[in-house]
Amino acid sequence: MAQFGSFTLDDLKEVMRACAGVTESVDLDSDIADVTFEDLGYDSLAVLEMAAKLQNHLGVVIPDDVAEQLPTPRALAEYVNVRLAA
């Protein structure tokens, strides 16, 4: 996982796999940037788990209420990148 610089969708996919796994119907190697977490099979608990993992590994704080408002992998990755650049 990237520790410095840009946090990519590939980095996020690694976190997604580690936190909640992947259902057989979801191909994380496809273009999932704008697919909602719900459609990917990740419920709010899985998104909160990803947020906690990102905080532990990158030091980026993602409050629970914010995490629940980030609907797609692109939105979450953009949020992380803005915080890393600050």
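To be clear, the structure that these remarks concern was listed above.
Scoring rules and cut-offs
- Every chain's residues receive numbers from 1 upward, in the order its sequence appears when written.
- Per-residue local features are limited, in this predicted model, to residues with pLDDT of at least 70; the limit for side-chain atom pairs, both in listing and counting, is 80 or more; totals at the level of whole chains, interfaces and linings are taken over all residues.
- Excluded from the side-chain calculation are hydrogens and water; included are all heavy atoms of the structure.
- Centres within 6.5 Å are what make two rings of Phe, Tyr or Trp a pair, Trp counting through its six-membered ring; a difference in plane orientation under 30 degrees is then read as stacked, over 60 as edge-to-face, and the rest as tilted.
- Lysine and arginine charges are scored as sitting over a ring when NZ or CZ, respectively, is within 6 Å of the ring centre and within 35 degrees of the ring normal.
- Secondary structure elements follow DSSP: runs of H or I of four or more residues count as helices, runs of E of two or more count as strands, with numbering from the N terminus.
- Any two residues whose heavy atoms approach within 4.5 Å at even a single point are treated as in contact.
- Helix span is expected to be 1.5 Å times the residue number reduced by one.
- Exposure classes here rest on a 1.4 Å probe applied to the protein chains alone. A residue is buried below 20% of its type maximum, exposed above 50%, and partly exposed in between.
- This arc corresponds to the set of directions leading from the helix axis out to the C-beta atoms.
- N or O atoms within 3.5 Å of each other form a polar contact, as long as, within protein, one can give a hydrogen and the other can take it, and as long as residues adjacent in sequence are counted only when both atoms are side-chain atoms.

> Would you take a moment to explain the packing of aromatic side chains for this structure?
Working definition: an aromatic ring pair is given by the centre-to-centre distance plus the angle between the planes. Here the structure, examined in full by the defined rule, presents zero aromatic pairs. Sitting above the plane of the Tyr 79 ring, Arg 83 keeps its charged end 3.8 Å from the centroid.

> Explain the side chain of Lys 13 here, please?
Assignment of secondary structure puts Lys 13 in helix α1 (residues 9-20). If near-sequence neighbours (up to four positions away) are discounted, Lys 13 is found in contact with Leu 28, Asp 29, Ser 30 and Ile 32.

> Help me out: how do you make sense of helix α2 (residues 44-58) in this one?
For an α-helix the count is 3.6 residues per turn, leaving residues at separations of three or four pointing the same way. If you check α2, its first and last C-alpha atoms are 21 Å apart, about what 15 residues at 1.5 Å a residue would give, namely 21 Å. The set of residues buried in α2 consists of Ala 46, Val 47, Met 50, Ala 51, Leu 54 and Leu 58. Buried residues along α2 cover an arc of 145 degrees about the axis, so they all sit on one side. Opposite the buried face of α2, by more than 90 degrees, sit the exposed residues Leu 45 and Asn 56. Regarding α2, its N-cap is Asp 43, as a side-chain oxygen of that residue lies 3.2 Å from the backbone nitrogen of Leu 45 further along. Within two residues after α2, Gly 59 carries a phi angle of roughly 80 degrees, on the positive side.

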